[in-house]
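# A structural walkthrough
Each chain, letter by letter, is given below.
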Amino acid sequence: MTDHHTPHPPHGSDSTDSTDSTDAEAGLRDRWHDTLVAARAGAEEPDPQPYAENLLARWAEPQRRYHTTAHLSTVLDRVDTLAGHADDVHAVRLAAWFHDAVYRPDRSENEERSAALAERALPEAGVPDAVAEEVARLVRLTVTHDPADGDRNGEVLCDADLAILAGGPQEYGAYAAQVREEYGFVPDEAFRAGRAAVLRQLLDLPRLFRTPYGAAEWEARARHNLATELELLTSSGAG
């Protein structure tokens, strides 16, 4: 979708929004720096900054409505919440940065292209090959959000990525609306059918969340949200 689909902010809010965006990006740059240096066992070189700029530019592309820097920040926050469950939290944080680094809503290979980007960029950025390989594996896991039992890194990344499903009514409603905007090129009937299939696939999973925290705090609310959206989609389609 193009930018003209996005409503303009009210008069007088531009400077505040711009300041908030600048502060958020500065925070993300700091988080990238700390994560990359930690993954390199404290090495400050090569300079982390160019890699941060490349990734932030990707996350700010105009076709995105949900898969934005706000989503990246939220996933990183959720990884922080679940950090104690991970075997290598630095690899999980790097995977959060890369998991939607390539995103085109009209393409099906986004996760594979994002993983390939990590495989190219991270060794160049000084990350050990084994860590880069783990990051790419984790990114590919977000195709299914179905980590194997005992895959603690995978459980943290997938739970963090799906945590939006457990949002309150306003947060979940905004998420669903942003997803619809990203697929603005899809006619309503086709979108309802495709989205309903995704919701059913999620509801059919034995567990949406694999970490103890996610299972306790997010599972029930997420299932309620998914079932409610599915009911609304199917009832509007029937009408």
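Residues numbered from 1 in each chain as written. Predicted model: local features only at pLDDT ≥ 70, side-chain atom pairs only at ≥ 80, totals over all residues. Heavy atoms only, no water.

Another point: the nonpolar core. Residues Trp 32, Leu 94, Trp 97, Phe 98, Leu 122, Val 135 and Leu 165 are the most contacted members of the largest nonpolar core, which totals 63 residues. Residues in contact with Trp 97, not counting those within four places in the same chain, are Leu 28, Trp 32, Leu 55, Leu 56, Trp 59, Leu 72 and Leu 76. (Core = buried A, V, L, I, M, F, W, Y, C linked by side-chain atoms within 4.5 Å. Buried < 20%, exposed > 50% of the residue type's maximum accessible area, 1.4 Å probe, protein only. Contact = heavy atoms within 4.5 Å.)

The next point concerns the pattern of salt bridges. The full count for this structure, using the stated rule, is 19 salt bridges. Measuring nitrogen to oxygen at the nearest pair gives 3.6 Å for the salt bridge that ties Arg 152 to Asp 87. One end of the pair, Arg 152, is in helix 7 (residues 152-162); the other, Asp 87, is in the loop between helix 3 (69-82) and helix 4 (89-98), with 65 residues separating them in the sequence. With a relative accessible area of 33%, Arg 152 lands in the partly exposed category. Ionic pairing is found between Glu 109 and Arg 107, a salt bridge with its closest N-O pair at 4.0 Å. Exposure remark for Glu 109: the relative accessible area of 31% places this residue in the partly exposed category. (Salt bridge = Lys/Arg side-chain N within 4 Å of Asp/Glu carboxyl O. Helix = DSSP H or I, 4+ residues; strand = E, 2+ residues; numbered from the N terminus.)

For the α-helix, the turn length of 3.6 residues means that residues three or four positions removed from each other point alike. Of all 10 residues making up helix 4, 9 are buried, and the element is well covered by its neighbours. Those residues of helix 4 that fall on the buried side of the exposure criterion are Val 89, Ala 91, Val 92, Arg 93, Leu 94, Ala 95, Ala 96, Trp 97 and Phe 98.

Following Glu 45, the chain continues to Pro 46 via a peptide bond in cis, the omega torsion being -5°. In this structure, Pro 46 sits in the loop between helix 1 (14-39) and helix 2 (49-59). Even without being a glycine, Ala 41 presents a positive backbone phi close to 60°. Looking at the element boundaries, Ala 41 is found in the loop between helix 1 and helix 2.

The subject of this paragraph is the environment of Ala 177. On the secondary structure map, Ala 177 appears in helix 8 (residues 169-182). Note: C-alpha distance between Ala 177 and Arg 65 (112 residues apart in sequence) is 9.0 Å.

On to the side chain of Thr 211. Looking at the secondary structure, you find Thr 211 in the loop between helix 9 (188-204) and helix 10 (212-217). For Thr 211, a relative accessible area of 1% puts it in the buried group. Here the side chain of Thr 211 touches Gly 214 through a polar contact of 3.0 Å, landing on its backbone nitrogen. The contact partners of Thr 211, leaving out residues within four places of it in the chain, are Leu 82, His 85, Glu 155, Val 156 and Asp 159. (Polar contact = N/O pair within 3.5 Å; in protein donor to acceptor, adjacent residues only side chain to side chain.)

In this section: the layout of surface pockets. Considered as a void within the structure, the largest pocket measures approximately 970 Å³ in volume. In terms of lining, the largest pocket is formed by 32 residues, of which the most central are His 67, Glu 111, His 145, Tyr 183 and Val 198. If one sorts the elements of the lining of the largest pocket by residue count, helix 9 sits on top with 7 residues. Of the residues belonging to the lining of the largest pocket, the class tally is 16 nonpolar, 9 polar and 7 charged. (1 Å grid on protein atoms, 1.4 Å probe; cavity = no way out; pocket = protein on both sides within 12 Å on 5 of 7 lines; lining within 4 Å. Points joined across faces, edges and corners; volume = space filled by probe spheres on them. Nonpolar A, V, L, I, M, F, W, Y, C, P; charged D, E, K, R; others polar.)

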